[in-house]
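# Inside the fold
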Amino acid sequence: LENRERIESVRQAVLGLPEASRAVLILREYEGLSYRQISETLDIPIGTVMSRLNYARNTLAQRLSGLLEVR
Amino acid sequence: MNKHIEHLIDVYLDGELPSQQVHKFEAHTATCKTCRNALLARQQLSALIRDVPVVDISRTSVEFADDILDALDGGYAQTVPWWFELRGLYAEIRTWMLDLRVQQVGWVSVPIMLLLASVFIRSVGILNTIFSLVPGSDALLGQVFDFLTPASFVQVDRFWGGALGQMISFDIGDWTLFTGLFASLLIGFLYVAWIAGWLSGQPEADPVKVRD
């Protein structure tokens, strides 16, 4: 049950991200695409890929801080 | 080496850091506690995210692609209520009903099936009568088809109240011996017909519509 809640909160957090950064995060984390591949897939510069990824992860780290041990 | 390198953590974990910088990065995190903790936190976060099937990779490639599109588009898990998981079973039953053409016939099938049932009752009764004329049939019925003896049918009929059996059978006589059994069959049929009628009135199940 606890695990179920954990899964649900991660899912909600990921799907709650703004579309632009969510797309980059999903392509990176679940699809395993490289920065270059993501930049080609979404037709955005690599710098944008990195900043969106950073934003997505920072947001998730903030929202899911209760589930993380470090920090 | 004193400068913190937190901005490189993502790039490092994503395997995008140039190899000549990887050694520097690892040397730094070995000594700098702040950066090491930040790295650990990011690793944990990544593990947590990857652990959760926002996209279900065990499905077929087409469904998988749909999942990704849904996830990219948002709204999938947010708008689907828990009971929608039952849609597989529901679709299964619906398909089965459609295959049987019960949907098109609907309630018209009820009197037809009642008629067929009464014809069946009659034919079985006639066959039983013919069979009882065969010498030695009583002994055979008693030994092999013990549960088919008149006494057991009377018991079944009593179980269903008897009156129901008489209502369904049009001739009182030998027929009543079978009515208990067929009463239960008819109840089963009526139940299925009711489900079919109910299903035929249901709209297509497609709650996945809302998007952000």
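Residues numbered from 1 in each chain as written. Chains lettered and ligands numbered in written order. Predicted model: local features only at pLDDT ≥ 70, side-chain atom pairs only at ≥ 80, totals over all residues. Heavy atoms only, no water.

### Concerning the overall build of chain B
Looking only at helices and strands, one finds twelve helices and zero strands in chain B. Along chain B, helices and strands appear, N-terminal first, in the series α-α-α-α-α-α-α-α-α-α-α-α. The buried share among the 212 residues of chain B stands at 33%. For chain B, the accessible surface area stands at approximately 13,800 Å², while carbon and sulfur atoms represent 65% of it. (Helix = DSSP H or I, 4+ residues; strand = E, 2+ residues; numbered from the N terminus. Buried < 20%, exposed > 50% of the residue type's maximum accessible area, 1.4 Å probe, protein only. Areas by Shrake-Rupley, 256 points an atom, 1.4 Å probe, with all protein chains shown as cover.)

### Quick look at the confidence of the model for chain B
Residue and element names in this part refer to chain B. When pLDDT is averaged across chain B, the result is 65; 33% of the residues are at 70 or more. In the model of chain B, helix α11 (residues 163–168) stands out as the element of lowest mean pLDDT, 48, in contrast to helix α1 (residues 9–13), which has the highest, 91. Counted against residues more than four places away or in other chains, residues 167–172, with its pLDDT under 50, gives ten contacts. Counting interchain partners and residues more than four positions distant, the pLDDT-below-50 stretch residues 205–212 has twelve contacts. Interface predicted TM-score (ipTM) for the complex: 0.88; the corresponding pTM is 0.45. (pLDDT = per-residue confidence, 0-100. Contact = heavy atoms within 4.5 Å.)

### A closer look at the environment of Ala117 of chain B
Residues and elements named next belong to chain B. With respect to the secondary-structure elements, Ala117 resides in helix α8 (residues 109–133). Ala117 sits in the buried class, given a relative accessible area of 16%. Along the primary structure Ala117 and Leu186 are separated by 69 residues, whereas in three dimensions their C-alpha atoms are 7.7 Å apart.

### Examining the pattern of salt bridges
Tallying each qualifying case throughout the model produces eight salt bridges over all chains. Arg11 of chain A is the partner of Glu8 of chain A in a salt bridge, and the nearest nitrogen-oxygen pair spans 4.0 Å. Placement of both Glu8 of chain A and Arg11 of chain A in helix α1 (residues 2–15) is noted, with a separation of three residues, approximately one turn of the helix. Classification of Glu8 of chain A by relative accessible area gives partly exposed; the value is 33%. A salt bridge links Asp10 of chain B to Arg42 of chain B, with the shortest nitrogen-to-oxygen separation between them at 2.7 Å. You can see Asp10 of chain B sitting in helix α1 and its partner Arg42 of chain B sitting in helix α3 (residues 33–51), a full 32 residues away along the chain. (Salt bridge = Lys/Arg side-chain N within 4 Å of Asp/Glu carboxyl O.)

### Thoughts on the packing of aromatic side chains
Residue and element names in this part refer to chain B. According to the stated counting rule, one finds one aromatic pair over all chains in the structure shown. On the basis of an interplanar angle of 25° and a centroid distance of 4.1 Å, the ring pair of Tyr12 and Phe25 is categorised as stacked. Of this pair, Tyr12 sits in helix α1 while Phe25 sits in helix α2 (residues 19–31), and the two are 13 residues apart along the sequence. (Phe/Tyr/Trp six-rings, centres within 6.5 Å; stacked < 30°, edge-to-face > 60°.)

### Some remarks on unusual backbone geometry
Residues and elements named next belong to chain A. Look at Asp43: it is not a glycine, yet its phi comes out positive at around 55°. Mapped onto the secondary structure, Asp43 falls in the loop between α3 (35–42) and α4 (46–63). According to the relative accessible area criterion, Asp43 is exposed, its value standing at 68%.

### Points about the state of the cysteines
Counted by the stated rule, this structure contains zero disulfides over all chains. Unpaired in terms of disulfides, Cys32 of chain B finds its nearest cysteine sulfur in Cys35 of chain B, a separation of 3.8 Å. (Disulfide = S-S within 2.5 Å.)

### Quick word on the nonpolar core
Grouped together as the largest cluster of nonpolar side chains are 34 residues, with contacts concentrated most on Val14, Leu25, Leu60 and Leu64 of chain A together with Phe25 and Ile49 of chain B. When residues of this core are traced back to their parent elements, those giving at least two are α1, α2 (19–29), α3 and α4 of chain A together with α1, α2 and α3 of chain B. Per-element accounting of this core gives the leading share, six residues, to α3 of chain B. Among residues more than four places away in sequence, those in contact with Leu25 of chain A are Val14, Leu17, Tyr30, Leu53, Ala56, Arg57 and Leu60 of chain A together with Ile49 of chain B. (Core = buried A, V, L, I, M, F, W, Y, C linked by side-chain atoms within 4.5 Å.)

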